[in-house]
Amino acid sequence: MEPILTLSDIGFGYGRNRVLAHIGFQVHAGEIIGILGPNGSGKSTLLKLMDGILLPHEGEILIRERPLSDFKRSDLAKEVAMVSQENHFRFAFSVMEVVLMGRFPHLGKTQFEGKEDIKAALEALEATHTDHLAGRSLDELSGGEKQRVLIARALAQEPNVILLDEPTSFLDLKYKREMFRLITSMGKSKGLSVVIVSHDIDLASQYCDRILLLNKGVIHKLGVPEEVITATDIETVYDCPVHVDRNPATGKPRVSII
């Protein structure tokens, strides 16, 4: 199967501070990849490189075997959507207006949203359980509600890959579980690939097909959760003693701090 995204020997730094080195992996259709690692390990920087916000200093990123650097921004947005941690709006947009912003790659310079764009936005709102918020101002929403609306905007963009940077940061336990379930269903039903940065090791273990464990800017290990989430690997990367056993309901690795 041809990969949608390919990263080959990627390196990047801010000034003299080298953040990532020798990063290489592929993302396939419908695959959910979780990126784990402590603060400062390069997780968010890696997502920005995959979205073309930053350009690698070494190596190459391909989308369907075509260099990411060859894409115009509007064309790249049809392939990759990003939901970052920092999202600021200068005006009090409604939820529907924000979600419709995801349609910009599909519109001409002077073209307004049509029936298909409204339909895509409504479907994205329904999928993220935010359709009841459509007429509300984004400024009126809680942090968790805003996060779900931003994911709806990414869905309305109709990309092949969605990059999520800590999408469950402001969500309570119920919506954290629902968000990972939504991500999983998107992958299975639409063939949508998802790369998700998370600090929630147990949820990533439960719902991700593969885990990429970053440590000081390099890949410590990449594989299925059972291969990556081990006591030895988690203790090495996070510098914290842990106990890893199996979730009795799912059989997936589960981490407890000792």
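These numbers come from a predicted model, not from an experiment.

Quick one: what's the story with the overall build of the chain, residue by residue and with numbers?
The number of helices and strands found in the chain is 9 helices and 12 strands. Taken over C-alpha atoms, the radius of gyration comes to 18 Å for the chain, in line with the 18 Å a tight globule of 258 residues would show. Principal axes of the C-alpha set define a box for the chain whose edges measure 55 × 40 × 35 Å. Within the chain, buried positions represent 50% of all 258 residues. Intrachain contacts of the chain at a sequence separation of at least 6 include 63% that bridge at least 24 residues. When the accessible surface of the chain is split by element, carbon and sulfur atoms take 50% of a total near 12,700 Å². Between the mean site of the 30 positive side-chain charges and the mean site of the 35 negative ones, the chain shows a separation of 2 Å.

Can you lay out helix 9 (residues 231-238) for me, pointing to particular residues and giving the numbers?
When helix 9 is considered as a whole, its buried residues turn out to be D233, I234 and V237. All buried residues of helix 9 lie within an arc of 95° about the axis, which places them on one face of the element. Where helix 9 is buried, its residues contact helix 7 (201-207), strand 9 (210-215), strand 10 (218-223), helix 8 (225-228) and strand 11 (242-246). Positive backbone phi, at 55°, marks D239, one or two positions downstream of helix 9.

Talk me through the sheet that holds strand 9; I want residue IDs and the actual numbers.
Taken together, the 6 strands give an open sheet; going across it, the order is 6-7-8-3-9-10, and neighbouring strands pair in mixed fashion. Unpaired on one side and paired on the other, strand 6 (80-83) and strand 10 mark the two borders of the sheet. This sheet shows a mean twist of 15° between the axes of neighbouring strands, independent of strand direction. Strand direction decides the pairing type here: strand 3 (residues 32-36) and strand 8 (residues 193-197), joined by 4 bridges, are parallel. Opposite I32, over in strand 8, you have V194 as the bridge partner. Strand contacts of helix 1 (residues 43-50): strand 3, strand 6, strand 7 (161-165), strand 8 and strand 9, with the helix running at about 155° to strand 7, the strand carrying the most contacts. Helix-sheet contacts for helix 5 (residues 143-156) involve strand 6 and strand 7, and the interaxial angle to strand 6 is about 170°.

Can you break down helix 4 (residues 115-127) residue by residue, with the values?
End to end, helix 4 covers 18 Å across 13 residues, agreeing with the expected 18 Å (1.5 Å per residue, within 8%). Among the residues making up helix 4, those that are buried are D117, A120, A121, A124 and L125. What you see down the axis of helix 4 is that its buried residues fit within an arc of 135°, all on one side. Facing away from the buried side of helix 4 by over 90 degrees, the exposed positions are K115, E116 and E126. Once helix 4 ends, the next one or two residues include H129, with phi positive near 60°.

Break down the nonpolar core for me, citing the residues and quoting the values.
Formed by 47 residues in total, the largest nonpolar core has its most connected members in V99, L164 and I183. The residues touching L164, leaving out its near neighbours within four places in the chain, are L47, V83, I151, I183, V194, V195, I196 and V197. If you look at the next biggest cluster of nonpolar residues, it comprises 30 residues, including I10, I23, L46 and I63.

Just give me the short version of the side chain of D51, but keep the residues and values in it.
Summarising the element assignment, D51 is placed in the loop between helix 1 and strand 4 (58-63). When residues no more than four places from it in sequence are discounted, the contact partners of D51 are R73, L76, V80, M82 and L163.

Conventions adopted
- Residues numbered from 1 in each chain as written.
- Predicted model: local features only at pLDDT ≥ 70, side-chain atom pairs only at ≥ 80, totals over all residues.
- Heavy atoms only, no water.
- Helix = DSSP H or I, 4+ residues; strand = E, 2+ residues; numbered from the N terminus.
- Rg over C-alpha atoms; globule rule 2.2 N^0.38 Å.
- Buried < 20%, exposed > 50% of the residue type's maximum accessible area, 1.4 Å probe, protein only.
- Contact = heavy atoms within 4.5 Å.
- Areas by Shrake-Rupley, 256 points an atom, 1.4 Å probe, with all protein chains shown as cover.
- Lys, Arg positive; Asp, Glu negative; His and termini not counted.
- Charge placed at Lys NZ, Arg CZ, Asp CG, Glu CD.
- Arc of directions from axis to C-beta.
- Pairing = 2+ DSSP bridges.
- Axes fitted to C-alpha atoms, helices over the stretch in contact; angles between N-to-C directions.
- Expected span 1.5 Å × (residues − 1).
- Core = buried A, V, L, I, M, F, W, Y, C linked by side-chain atoms within 4.5 Å.

These figures come from the coordinates and say nothing about function on their own.
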